[in-house]
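Structure assessment
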Amino acid sequence: MPITVQLDVMLARRKVKSRDLAEFVGITEANMSLLKQGKVKGVRFETLEKICEYLQCQPGDLLVYEPDGEPPPG
């Protein structure tokens, strides 16, 4: 998948437990775990905003585009 989630990296940098973040955001620990592992197909902007608020970061700190080697269309 070309976009990877680096939430686990940011949690480690901020020394924050995913349990505390999940509670603040208003999602279950199970869903937070799936998000950390990148096993989700999408994320609501509201959820992303709350995560960024709590971790004091930008969305680009959490989501990284990694091309899969395919040439761009055109």
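Residues numbered from 1 in each chain as written. Predicted model: local features only at pLDDT ≥ 70, side-chain atom pairs only at ≥ 80, totals over all residues. Heavy atoms only, no water.

Going by an unreviewed UniProt entry, the chain carries the name Helix-turn-helix domain-containing protein and comes from Hydrogenophaga luteola.

**Brief notes about the nonpolar core**
Leu7, Leu21, Ile51, Leu55 and Leu62 are the most contacted members of the largest nonpolar core, which has 15 residues in total. Residue assignment for this core shows that the elements contributing at least two residues are α1 (7–14), α2 (18–25), α3 (29–36) and α4 (45–55). In terms of residues, this core owes the most to one element, α4, which gives 4 residues. Once residues within four sequence positions are removed from consideration, Ile51 is found in contact with Leu7, Leu21, Val25, Leu35 and Leu62. (Core = buried A, V, L, I, M, F, W, Y, C linked by side-chain atoms within 4.5 Å. Buried < 20%, exposed > 50% of the residue type's maximum accessible area, 1.4 Å probe, protein only. Helix = DSSP H or I, 4+ residues; strand = E, 2+ residues; numbered from the N terminus. Contact = heavy atoms within 4.5 Å.)

**Here we look at the packing of aromatic side chains**
Summed over the entire model, instances satisfying the criterion amount to 1 aromatic pair. Where Phe24 meets Tyr54, the ring centres are 4.8 Å apart and the plane angle is 45°; that geometry is what we call tilted. Of this pair, Phe24 sits in helix α2 while Tyr54 is found in helix α4, placing the two residues 30 residues apart along the sequence. Phe24 gets classed as partly exposed once you look at its relative accessible area, which sits at 31%. Across the ring face of Phe24, the terminal group of Lys50 is positioned such that the distance to the ring centre comes to 4.9 Å. (Phe/Tyr/Trp six-rings, centres within 6.5 Å; stacked < 30°, edge-to-face > 60°. Lys NZ or Arg CZ within 6 Å of the ring centre and 35° of its normal.)

**Re the packing of α2 against α3**
Taken N-terminus to C-terminus, the directions of α2 and α3 make an angle of 110°; their axes are 9 Å apart at the nearest point. The pairing of α2 with α3 is recorded here as roughly perpendicular in orientation. Of the two possible hands of crossing, α2 and α3 adopt the one that is right-handed. Packed against α2, whose contacting residues are Ser18, Arg19, Leu21, Ala22 and Val25, the element α3 presents Glu29, Met32 and Lys36 at the interface. Taken together, the residues of the contact of α2 with α3 break down into 4 nonpolar, 1 polar and 3 charged. (Axes fitted to C-alpha atoms, helices over the stretch in contact; angles between N-to-C directions. Parallel < 35°, antiparallel > 145°, perpendicular 65-115°, else oblique. Left-handed = near helix turned anticlockwise from the far one by under 90°. Nonpolar A, V, L, I, M, F, W, Y, C, P; charged D, E, K, R; others polar.)

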